[in-house]
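Architecture and fold: a report
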Amino acid sequence: MSTTTYNNPDLIFSGKIPEGIVGWQSPSNIALVKYWGKKGVQIPCNPSISFTLNASYTETVVEYHPTANKKWVTFYLDRKINEGFEKKIEAYFETIEPIFSFIKQLDFTIRSKNTFPHSAGIASSASGMSALALCLCSIEKEHFGIEGSDQDFFKKASYVARLGSGSAARSLFGGVVSWGQIDGNHNSSDLWGTQQVKDIHPDFLSYHDSIIIVDAAQKKVSSRVGHGLMNSNPFAAKRFKQAQSNIIRLIKAMKDGDIETFINITESEALTLHAMMMTSNPYYLLLKPNTLQITERVFEYRERTGIPVSFTLDAGPNIHLLYPNRVRSEVKAWIDSELKQFAFNEMIIEDEVGEGPVRLSI
Ligand code: PMV
């Protein structure tokens with residue numbers, strides 16, 4: 001593993017401390033091979049890979065001023081002050097101070113909004129942390145002018161985002177993105193995400209993700225606790241090995257346009273993630289009866305029609321239906337006639353593979 005860090009004690013304003021404003025839009029992502037279990041400072045126990053999403057994103061605008069030593073971070077979510085997030089962001093800023101040494105010379109007013117409804121049970125940590133990391137990297141670039149390619153810029157933003165939320169490391173790039181050291185793959189790293197779009201079959205870059213909201217409640221067990229429980233899960237070592245082999249097989253399948261293998265690996269990954277929760281101690285279960293209703297229908301529909309639609313799950317009961325663009329109209333009709341009844345308030349978020357973050361012009 002590379003030991004690179006971005007710590008830099010020289011990034012201190014020596015003259016007049018500036019003020020300014022910067023904003024980024026950054027997407028969420030959905031993991032195909034799941035990250036579950038971590039060690040050290042946000043280092044994953046196994047590599048993961050995801051589709052970057054398009055419609056589900058966070059927009060974050062950061063205003064910064066010379067510090068007045070009163071309130072370091074003021075945070076608005078959807079125009080409302082959110083004190084819980086203010087505390088979390090201040091704790092995060094403490095951990096990344098060695099990277100951005102100037103961070104305590106400034107006060108921040110951060111305004112964030114998500115395109116997906118707050119009550120949708122969709123984790124906003126990947127989009128939110130990646131948008132914030134990009135804003136900090138832009139402030140650094142503007143005032144310290146460290147030259148580097150765009151690729152270097154996004155790699156650093158991925159490193160910084162990872163320290164806030166592991167899965168956020170994968171939101172800095174478009175298409176298909178991995179994070180974590182993949183056996184025999186020198187382009188992968190535990191420290192930042194890597195875009196894997198080269199040679200991916202176009203079918204996979206056209207993929208849709210229809211997110212069926214089964215339950216919109218906040219999850220009862222946080223991801224942080226879930227990752228921690230992997231330390232004592234009796235199946236953990238075997239699971240980490242399995243993820244290594246699944247990711248290598250999945251990348252090959254995505255290059256070959258092999259949807260059958262893609263379906264086999266991604267559905268197995270989704271169920272394995274939840275199996276890890278059920279086999280932790282304390283054990284817990286995030287799936288709901290309607291989650292199982294939908295998975296049953298996915299199996300049945302695929303068997304009956306041969307249409308390559310499959311599901312994956314995040315750490316919650318909501319179903320992500322995955323399918324290539326060429327079967328979109330059939331799948332859409334089927335969702336409306338058979339699956340909508342299982343969605344909470346008929347809530348379905350239509351998303352697809354996206355191209356990554358965009359700087360806001362403000
Ligand atoms: O990034 P975290 O710490 O919220 O963990 C997310 C883990 C999963 O979403 C369940 C899987 C993944 O790889 O995104």
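The residue count restarts for each chain, going from 1 along the sequence in the order it is written. This being a predicted model, a pLDDT of at least 70 is required before a residue's local features are given, and a value of 80 or more before pairs of side-chain atoms are given or counted; all residues contribute to the totals for chains, interfaces and linings. Excluded from the side-chain calculation are hydrogens and water; included are all heavy atoms of the structure.

This part covers the overall build of the protein chain. The helix count covers DSSP runs of H or I at least four residues long, the strand count covers runs of E at least two residues long, and both are numbered beginning at the N terminus. Looking only at helices and strands, one finds nine helices and 14 strands in the protein chain. Throughout, radius of gyration means the C-alpha value; the globule benchmark is 2.2 Å times the number of residues raised to the power 0.38. Radius of gyration (C-alpha) of the protein chain: 20 Å, near the 21 Å computed for a compact globule of 362 residues. For the protein chain, the spread of C-alpha atoms along the principal axes amounts to about 70 × 45 × 40 Å. In this scheme, a residue with accessible area under 20% of its type's maximum is buried, one over 50% is exposed, and one in between is partly exposed, where area comes from a 1.4 Å probe on protein chains only. Sorting the 362 residues of the protein chain into buried and exposed places 55% on the buried side. Across the protein chain, the fraction of contacts at a sequence separation of at least 24, relative to all contacts at a separation of at least 6, is 76%. The averaged location of the 39 negative side-chain charges in the protein chain is 4 Å from the averaged location of its 37 positive side-chain charges. Contact definition: two residues touch when any of their heavy atoms are within 4.5 Å. Charged residues are defined narrowly, with Lys and Arg counted positive, Asp and Glu counted negative, and His plus the chain ends left uncounted. A charge is said to be at NZ when it belongs to Lys, at CZ for Arg, at CG for Asp and at CD for Glu.

Quick look at the layout of surface pockets now. Summary: where empty space remains is shown by rolling a probe the size of a single water molecule over the atoms. In the cavity and pocket records, a cavity denotes points on a 1 Å grid over the protein atoms alone where a 1.4 Å probe fits but cannot get out, a pocket denotes an open set with protein on both sides within 12 Å along at least 5 of 7 lines, and lining residues are residues with an atom within 4 Å of a point. Grid points are joined across faces, edges and corners, and a volume is the space filled by probe spheres set on the points. The calculated volume of the second largest pocket comes to roughly 540 Å³. If you go around the second largest pocket, you meet 21 residues; those closest to its centre are Gln-151, Asn-187, Thr-194, Gln-195 and Lys-198. Broken down by secondary-structure element, the contributors of at least two residues to the lining of the second largest pocket are α3 (150-164) and β9 (193-195). Looking at the lining of the second largest pocket, the element that brings in the most residues is α3, giving four residues. Under the scheme applied here, ten amino acids are nonpolar (Ala, Val, Leu, Ile, Met, Phe, Trp, Tyr, Cys and Pro), four are charged (Asp, Glu, Lys and Arg), and all others, including Gly, are polar. Within the lining of the second largest pocket, the residues separate by chemical class into four nonpolar, 12 polar and five charged.

A cis amide bond links Asn-281 to the next residue, Pro-282, at an omega of 5°. As for its placement among the helices and strands, Pro-282 is situated in the loop between α7 (259-278) and α8 (289-305). At Asp-78, a residue that is not glycine, the phi angle is positive and equals roughly 50°. If you trace the backbone, Asp-78 turns up in the loop between β5 (73-77) and β6 (80-81). The backbone phi angle of Arg-79 is positive, close to 70°, even though this residue is not glycine. A residue is classified by how much of its surface remains accessible, and Arg-79, at 80% relative accessible area, is exposed.

This next bit is on α3. Helix span, as expected, comes to 1.5 Å for every residue beyond the first. An ideal rise of 1.5 Å per residue puts 21 Å on 15 residues; α3 measures up with 21 Å between its terminal C-alpha atoms. If you follow the buried residues of α3, they end up packed against β1 (20-33), β3 (43-44), α1 (83-95), α2 (125-144), β8 (176-179) and β9.

Domain assignment breaks the protein chain into domain 1 (20-198) and domain 2 (202-352). Residue ranges for the domains trace back to a domain assignment, done automatically or taken from a database. One C-alpha centre belongs to domain 1, the other to domain 2, and the line joining them spans 24 Å. Across the boundary between the two partners, domain 1 contributes 34 residues, which contact 46 residues of domain 2. For the pairing of domain 1 and domain 2, the buried interface totals around 3,200 Å² over both sides, and the portion due to carbon and sulfur atoms is 69%. Per-residue buried area on domain 1 facing domain 2 is highest for Leu-32, Lys-34 and Trp-36; these three make up 26% of the total on that side. Within this document, salt bridges are pairs made up of a side-chain nitrogen of Lys or Arg and a carboxyl oxygen of Asp or Glu, the two lying within 4 Å of each other. For the pair domain 1 and domain 2, the interface holds zero salt bridges. In protein, a polar contact requires one atom able to donate a hydrogen and another able to accept it; more generally it is a pair of N or O atoms within 3.5 Å, and residues adjacent in sequence count only if both atoms are side-chain atoms. Here domain 1 is connected to domain 2 by 11 residue pairs in polar contact (both at pLDDT 80 or more). Examining the composition of the side of domain 1 that touches domain 2, we find that eight residues originate from one element, strand β4 (residues 48-66), more than from any other. Here the residues of the side of domain 1 that touches domain 2 sort into 19 nonpolar, 11 polar and four charged. Note on definitions: buried area is the accessible-area loss of two parts on being combined, 1.4 Å probe, summed for both.

Right, let's get into the environment of Thr-261. One can find Thr-261 in helix α7. Look at Thr-261 and you get partly exposed, because its relative accessible area is 22%. Here the alpha-carbon distance between Thr-261 and Cys-135, two residues 126 residues apart in the chain, equals 38 Å. In this structure Thr-261 touches Arg-249 and Ala-253, once residues within four positions along its chain are discounted.

The topology assignment puts Thr-74 in strand β5. Along the sequence, Thr-74 and Phe-85 sit 11 residues apart, while their C-alpha atoms lie 9.2 Å from each other. Apart from residues lying up to four places away in sequence, Thr-74 is in contact with Ile-81, Glu-86, Phe-108, Thr-109 and Ile-110.

Attention now goes to the sheet that holds strand β12 (residues 319-323). At least two DSSP bridges between two strands are needed for those strands to be called paired. With antiparallel pairing, four strands are arranged side by side in an open sheet as β11-β12-β10-β13. The open sheet has two edge strands with one neighbour each: β11 (310-313) and β13 (348-352). Taken pair by pair, the neighbouring strands of this sheet meet at an average axis angle of 25°, ignoring direction. Pairing of strand β10 (residues 208-212) with β12 involves five bridges; the strand directions are antiparallel. Each bridged residue has a counterpart across the sheet, and for Ile-211 the counterpart in β12 is His-320. Packing against the sheet, helix α9 (residues 328-339) makes contact with β10, β12 and β13, and its axis sits at approximately 150° to β12. Helix axes use the C-alpha atoms of the stretch in contact, all axes being lines fitted to C-alpha atoms, and the angles between their N-to-C directions lie in the range 0 to 180 degrees.

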